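Here is how the chains run, residue by residue.
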Amino acid sequence: MFEPRNHQAPTARLWSLLSPLGAYAPIGLLFLVGLPMLSLSRIALMLWQWDRVAATGIWPDMLLQGVRVDIIQLSLLGLPLLLLAPVLAMHRTWRFWRVLSRYWVVLSVALLALLEMASPAFINEYDSRPNRLFVEYLKYPAEVFPMLWNGFRLHLVGGTLATIFVVWAMVRLTRAWLTVAPSWSRLKLWLTWPLLALLALVAIRSSFDHRPANPALFALTNDAMVNTLILNSTWSVAHAIYGMKHEARSSEIYGSMKERDILQQVQATRQLLQDTRPLIGDQDIPTLTDQKASIRRERPLNLVIILEESLGATFVESLGGVPVTPEIEKLKEQGWWFEQLYATGTRSVRGIEAVVTGFPPTPAQSVVKLSLAQNNFSTLAQILGKQGYESEFIYGGESHFDNMRGFFMANGFSRVTDQNDYESPVFKGSWGVSDEDLLNKTHERLLAKHAEGKRSFTLVFTSSNHTPFEFPDGRIELYEQPKGTDNNAVKYTDYALGQFVKKARSSDYWKDTVFVVVADHDIRVRGDSLVPIERFHIPGLIFGADIPQRKVKTVASQIDLAPTLLSLMGVDAKHPMIGRDLTREPDSLPGRAMMQYEQNYAWMEGQKVVILRPGKEASHADYDPARKHLTTAAQPPENGKAMEERALAHVQLGAWLYRSQLYRLP
């Protein structure tokens, strides 16, 4: 029988209750102690911050989703014991198993308690549960511990004593486990293990959808701090540690440059591009620009950006691609059409970063996923919010993917619409509802906003052109067989866009709205050159309202769209974006673009290209847009060194602004 030898002790009775779990009893105790402890901590924090919690109106959901997060974290902590049990929970190694499992549970509960104890002080200081900063500070004990002792002595002493008490209590609680004899046979242990392993996997994923749960899934409100209360601090810190490897001083792989010199090069580049907008000279926001709209309007226009998944120039016939976007080919005659627009990277979040924030690329992950950009990071939504605009993100899939929901809700967006908000969609695939459903929903939301008289910014992100390329039958004449190819999926997305534009033209909101169609990146970006620039070439189109026809021939980057749109909309703004306002720029300028391709960074001015590489000399090349071919130069051009300095400054700029949290509004 599974019984401790001391039948009278209260802890012995506890282990008797856990006896049906056999060798897995310590994991059961971890949940038995951990779930109430984490829930009580969450309730206490919510009561402490009740004014902000109550304002959201979702406190029951917070408690329910919080338990879900706690189950994820406790399953992660119990997983090592679960994996080792079939090997160590045998009769010959039973004594070792008891000791190992006991102290693993004691330390796990102590970790949970320690981070929960640290949460109030951290929230009070940083308006968030412990995150990346919590871990970063551990690197600097000589500076941090004196700060804690001088400024947070009560918290430090109280938290330490409370954690010691938890360890003492857990040691006493688990003492009886050391007297328990094995009760399961080896066969029973091995037969139950697959089922428990499957349950642990399901609990850790916490989702049967396309992607496992992550912190962005629990960003349910506009208040970033309240969203962190839904989590527990251990899970928050764990995700921060996971993301830290991508956000170190990433751009220093190309060399170093002083901050003063970075700004001088940025200024020199503005002069080269004949950019007359003044930098304000704010020390706290080095790139803060005072932009007066070049187009004056009685009432600023609304904005709709349709970000097309993987829609490279390879799918646009007039840009040298296959003829699968006839609707875009029609629309390009009715607005601004970019002939040489280039993506900044190869991932959707990089495209979002460039289009929505105007932030330049770096070798690190997009700021959409990085911890220091999860609050008070400048976006179009924040800029327009100061002008009375409401901002919404509309997506057909799961909005917590790539932390989109978390980033948007923390940085100016007031609403997120995703696959859970579609009733009876015409088609639902692996990546969510079809682009047809997405754009129908967009039309519905724009009608509602117009009826309410609200100024609005709407970001729409398509997904049908994503492997496995699923879309409804009977909508298009297939470009090729079989059905599930990228060319067919793009053609379907283009069809959905055409249907949307037809409805928009006949709607009252058309005359008050600027529309943008732009790709996040091309599909399958690859090539045999250091940077396959031809695969960074993307379509870009601005139309609607009174936008005139214009072919933009200059080399342009995704980061140039946001400043340009502000002028076309008639919006004056102070912002930190370094992109160009193309409404002020003559067509004769060669222009510039920047592209991050894995560890290589390309800076292109007209047809001249410099490519920065880690640990190597910069490479110079010439790009022929007609042939879509990059030719390495035998030697640097006359202005090659100056180009290298400009390239290094701009890739360093992004890392510096992010690291120092200087990319924000006044």
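Here, the structure is the one placed above.
The rules we used
- All residue numbers here refer to positions counted from 1 along the written sequence of the relevant chain.
- Local features in this predicted model are restricted to residues of pLDDT 70 or higher, and side-chain atom pairs are both shown and tallied only at a pLDDT of 80 or more, whereas totals for entire chains, interfaces and linings draw on every residue.
- Only hydrogens and water are set aside; all other atoms, that is, all heavy atoms of the structure, feed into the side-chain values.
- Patches were defined on residues exceeding 30% relative accessible area and lacking a salt bridge, with like-charge contacts within 9 Å and nonpolar side-chain contacts (Val, Leu, Ile, Met, Phe, Trp, Tyr) within 5 Å.
- For the area figures, the Shrake-Rupley method with a 1.4 Å probe applies, and any residue is considered shielded solely by the protein chains shown.
- Only one rule defines a salt bridge in this text: a Lys or Arg side-chain nitrogen within 4 Å of an Asp or Glu carboxyl oxygen.
- Strands here are runs of E lasting at least two residues and helices are runs of H or I lasting at least four, both read from the DSSP assignment and numbered beginning at the N terminus.
- Here the term buried applies to any residue with accessible area under 20% of the maximum for its type, exposed to any over 50%, and partly exposed to those in between, with areas from a 1.4 Å probe on protein chains only.
- By definition in these notes, contact holds between two residues if any of their heavy atoms fall within 4.5 Å.
- For our purposes a nonpolar core is just a set of buried Ala, Val, Leu, Ile, Met, Phe, Trp, Tyr and Cys residues, chained together by side-chain atoms within 4.5 Å.
- Note: two strands are recorded as paired if DSSP finds a minimum of 2 bridges between them.
- Lines are fitted to the C-alpha atoms to define the axes, a helix being fitted only along its stretch in contact, and any angle between axes, read from their N-to-C directions, falls within 0 to 180 degrees.
- Cavities and pockets were defined on a 1 Å grid built from protein atoms only: a cavity is a group of points that admits a 1.4 Å probe but offers it no way out, a pocket is an open group of points flanked by protein on both sides within 12 Å along at least five of seven lines, and a lining residue is one with an atom within 4 Å of any such point.
- Grid points are joined across faces, edges and corners, and a volume is the space filled by probe spheres set on the points.
- Polarity classes work like this: nonpolar for Ala, Val, Leu, Ile, Met, Phe, Trp, Tyr, Cys and Pro, charged for Asp, Glu, Lys and Arg, and polar for all others, with Gly in that last group.
- Within 6.5 Å between ring centres, the rings of Phe, Tyr and Trp (the latter by its six-membered ring) count as paired, and their orientation is classed by plane angle as stacked under 30 degrees, edge-to-face over 60, tilted in between.

*Asks:* What exactly am I supposed to notice about a nonpolar patch on the surface here?
*Replies:* Together, Leu40, Ile43, Leu47, Trp50 and Trp59 make up an exposed nonpolar region whose accessible area comes to about 520 Å². Among the elements that line the nonpolar patch, the one with the most residues is helix H2 (residues 25–48), at 3 residues. You can see Leu40 is positioned in helix H2. A residue is classified by how much of its surface remains accessible, and Leu40, at 57% relative accessible area, is exposed.

*Asks:* Is there a simple way to explain the pattern of salt bridges in this structure?
*Replies:* Opposite charge on two side chains allows them to pair when their charged atoms are near. Applying the stated criterion to the full structure yields 34 salt bridges. Asp581 is the partner of Arg584 in a salt bridge, and the nearest nitrogen-oxygen pair spans 2.7 Å. With relative accessibility at 32%, the residue Arg584 sits in the partly exposed group. Taking the shortest distance from any N to any O, the salt bridge between Lys641 and Glu644 comes out at 3.8 Å. With a gap of 3 residues between them, Lys641 and Glu644 both fall in helix H20 (residues 640–659), about one helical turn apart. One network of salt bridges, in which partners are shared, links Glu392, Arg415, Arg445 and Lys449.

*Asks:* How should I be thinking about the environment of Pro326 in this particular structure?
*Replies:* When you line up the elements, Pro326 lands in helix H13 (residues 326–331). Residue classification places Pro326 among the partly exposed residues on the basis of a relative accessible area of 39%. Residues Pro326 and Gly498 lie 172 residues apart in sequence; the distance between their C-alpha atoms is 8.8 Å.

*Asks:* Sorry, what's going on with the environment of Trp337 here?
*Replies:* Tracing the backbone shows Trp337 in strand E3 (residues 336–338). Using a relative accessible area of 3% as the deciding quantity, one classes Trp337 as buried. Expressed as a C-alpha distance, the spacing of Trp337 and Phe543, which sit 206 residues apart in the sequence, is 8.7 Å. In this structure, Trp337 is in contact with Val316, Ser318, Leu319, Ile328, Lys332, Pro539, Gly540, Leu541, Arg550, Lys551 and Val552, ignoring residues within four places of it in sequence.

*Asks:* What exactly am I supposed to notice about the nonpolar core here?
*Replies:* What tends to happen in soluble globular proteins is that the nonpolar side chains get buried as a cluster. In this structure, Leu303 and Ile305 are the most contacted members of the largest nonpolar core, which totals 116 residues. Not counting residues up to four positions away in its chain, the partners in contact with Ile305 are Val355, Leu380, Phe457, Thr458, Leu459, Val460, Val516, Val518 and Leu565. Counting residues in hydrophobic clusters, the runner-up holds 34 residues, among them Ile27, Leu81, Trp94 and Val180.

*Asks:* Help me out: how do you make sense of the sheet that holds strand E13 (residues 550–552) in this one?
*Replies:* Hydrogen bonds between backbone groups are what pair the strands of a sheet, and the pairing can be parallel or antiparallel. The strand order E6-E5-E9-E2-E10-E12-E3-E13 describes an open sheet built from 8 strands, whose pairing is mixed. In the strand order of this sheet, the two ends are held by strand E6 (415–417) and E13, each with one partner. For this sheet, the mean inter-axis angle between neighbouring strands, taken without regard to orientation, is 15°. Where E3 lies against strand E12 (residues 540–543), 2 bridges are found, and the strand directions are antiparallel. Each bridged residue has a counterpart across the sheet, and for Trp336 the counterpart in E12 is Ile542. Strand contacts of helix H17 (residues 435–452): strand E2 (302–308), strand E5 (390–395), E6, strand E9 (456–461) and strand E10 (513–519), with the helix running at about 175° to E9, the strand carrying the most contacts.

*Asks:* Explanation requested: the environment of Phe31 in the structure shown.
*Replies:* Here Phe31 is to be found in helix H2. In this structure the C-alpha to C-alpha distance between Phe31 and Glu390, which are 359 residues apart in sequence, comes to 43 Å. Other than its neighbours up to four places away in sequence, Phe31 contacts Pro36, Ile71, Leu74 and Ser75.

*Asks:* Sorry, what's going on with the pairing of strand E20 (residues 629–632) here?
*Replies:* Where a strand is regular, its side chains alternate between the two sheet faces. Of the strand pairs in this sheet, strand E19 (residues 619–624) and E20 are connected by 4 bridges, and their pairing is antiparallel. Residue pairing for E20: Asp622 is matched across the bridge by Thr631. Joining the antiparallel neighbours E19 and E20 is a turn of 4 residues, in which Lys628 adopts a positive phi near 55°.

*Asks:* So what exactly am I meant to see when it comes to the layout of surface pockets here?
*Replies:* The gaps of empty space that remain are located by a probe, the size of a water molecule, rolled over the atoms. The computed volume of the largest pocket comes to approximately 1300 Å³. Counting only elements with at least two residues in the lining of the largest pocket, the list comes to helix H6 (132–137), helix H10 (224–230), helix H11 (233–244) and helix H16 (404–410). Among the elements that make up the lining of the largest pocket, the one with the highest residue count is H11 (5 residues). Of the residues contributing to the lining of the largest pocket, the split by class is 21 nonpolar, 18 polar and 10 charged.

*Asks:* Looking at this structure, I do not really get the sheet that holds strand E17 (residues 600–605). What am I missing?
*Replies:* Strand order in the open sheet formed by 5 strands is E16-E17-E18-E19-E20, and the pairing between neighbours is antiparallel. Taken across any chain shown, the strands that pair with only one partner, and hence form the sheet edges, are strand E16 (592–597) and E20. Each adjacent strand pair in this sheet contributes to an overall mean axis angle of 25°, direction not counted.

*Asks:* Which parts of the structure should I look at to understand unusual backbone geometry?
*Replies:* Note on backbone geometry: most residues besides glycine have negative phi, and most peptide bonds are trans. Of the consecutive residues Thr467 and Pro468, the connecting peptide bond is found in the cis state with omega at 15°. Topologically, Pro468 is positioned in the loop between E9 and helix H18 (486–505). Note the cis peptide between Gln481 and Pro482, where omega equals 0°. Relative to the helices and strands, Pro482 is located in the loop between E9 and H18. With a phi angle near 45°, Arg524 is a residue other than glycine that sits in the positive phi range. Tracing the chain through its elements places Arg524 in the loop between E10 and strand E11 (537–538). Phi at Lys628 takes a positive value of approximately 55°, unusual for a residue other than glycine.

*Asks:* What's the story with the packing of aromatic side chains in this structure? I'm lost.
*Replies:* Each aromatic ring pair is summarised here by two numbers: the centre-to-centre distance and the angle between the ring planes. A complete count under the given rule lists 27 aromatic pairs for this structure. Relative to Trp431, the ring of Phe401 has its centre 5.5 Å away and its plane inclined at 80°; by these criteria the two rings are edge-to-face. Of this pair, Phe401 sits in the loop between E5 and H16 while Trp431 sits in the loop between strand E7 (428–429) and strand E8 (432–433), placing them 30 residues apart in sequence. Exposure remark for Phe401: the relative accessible area of 21% places this residue in the partly exposed category. Classification of Trp431 as buried rests on a relative accessible area of 12%. An angle of 40° between the planes, with centres 6.1 Å apart, marks the rings of Trp510 and Phe543 as tilted. In this pair, Trp510 is assigned in the loop between H18 and E10 and Phe543 in strand E12, connecting sequence segments 33 residues apart. Overall, Trp510 belongs to the buried group, its relative accessible area being 13%. Take Phe543: its relative accessible area is 2%, and that puts it in the buried class. Grouped by ring-pair contacts, the aromatic residues Phe359, Phe377, Phe393, Tyr395, Phe407, Phe408, Phe413, Phe457, Phe461 and Tyr663 constitute a single cluster.

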